[in-house]
Amino acid sequence: FFCSSMASEEPGAAVEVDPHQLQSTQELTTFVQTLLTQMQGRFATMSDQIIGRIDEMGTRIDELESSIGELMTQAGVEDDAAADPNAADAVGE
């Protein structure tokens, strides 16, 4: 079995635990609880990172939409023409 140390080592560092050294039910229970707590902490950290990246991507998409709108305005293209593909054909004729 491998168990990450929560206190003194880097997150994700593994400490080898010999299952034969777990003498009692209490020791095994403590070991499992510690392992589950560590897994929960890692899951929470990863979830927070994923949510942060999704939020960042949303912000970037909003900025991109704004920039595209500004470029379209500068180019003289109206929003109606961009929304209607047939309007582009009419402008080109």
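This is a predicted model, so every value here is computed, not measured.

What counts as what
- Residues numbered from 1 in each chain as written.
- Predicted model: local features only at pLDDT ≥ 70, side-chain atom pairs only at ≥ 80, totals over all residues.
- Heavy atoms only, no water.
- Helix = DSSP H or I, 4+ residues; strand = E, 2+ residues; numbered from the N terminus.
- Contact = heavy atoms within 4.5 Å.
- Patch = residues over 30% accessible without salt bridge, like charges linked within 9 Å, V, L, I, M, F, W, Y side chains within 5 Å.
- Areas by Shrake-Rupley, 256 points an atom, 1.4 Å probe, with all protein chains shown as cover.
- Salt bridge = Lys/Arg side-chain N within 4 Å of Asp/Glu carboxyl O.
- Buried < 20%, exposed > 50% of the residue type's maximum accessible area, 1.4 Å probe, protein only.
- Expected span 1.5 Å × (residues − 1).
- pLDDT = per-residue confidence, 0-100.

Novice: Can you walk me through the overall build of the chain in this structure?
Specialist: Across its full length, the chain carries three helices and two strands. Counting contacts in the chain only where the partners sit at least 6 residues apart, residues at least 24 apart contribute 32% of the total.

Novice: What's the story with a nonpolar patch on the surface in this structure? I'm lost.
Specialist: There is a patch of nonpolar side chains on the surface, built from Leu28, Val32, Leu36 and Met39 and spanning about 360 Å² of accessible area. Of note, Val32 is situated in helix α1 (residues 25–75). Here Val32 falls in the partly exposed class, since its relative accessible area comes to 37%.

Novice: Explanation requested: α1 in the structure shown.
Specialist: One full turn of an α-helix is made of 3.6 residues, so residues set three or four places apart face in the same direction. Over its 51 residues, α1 extends 74 Å from the first C-alpha to the last, a length consistent with the 75 Å expected when each residue adds 1.5 Å. Just downstream of α1, Gly76 is the residue with a positive phi angle, here 85°.

Novice: Even after reading the chapter, I still don't get the confidence of the model for the chain, so can you show me in this structure?
Specialist: When pLDDT is low, close inspection of the predicted coordinates is not appropriate. Confidence in the prediction for the chain averages 78 pLDDT; 59% of positions are at 70 or higher. Mean pLDDT per element in the chain: strand β1 (residues 2–4) is the minimum at 49, and α1 is the maximum at 95. In the model, residues 4–9 has pLDDT below 50 throughout and makes 13 contacts with residues more than four positions away in sequence or in other chains.

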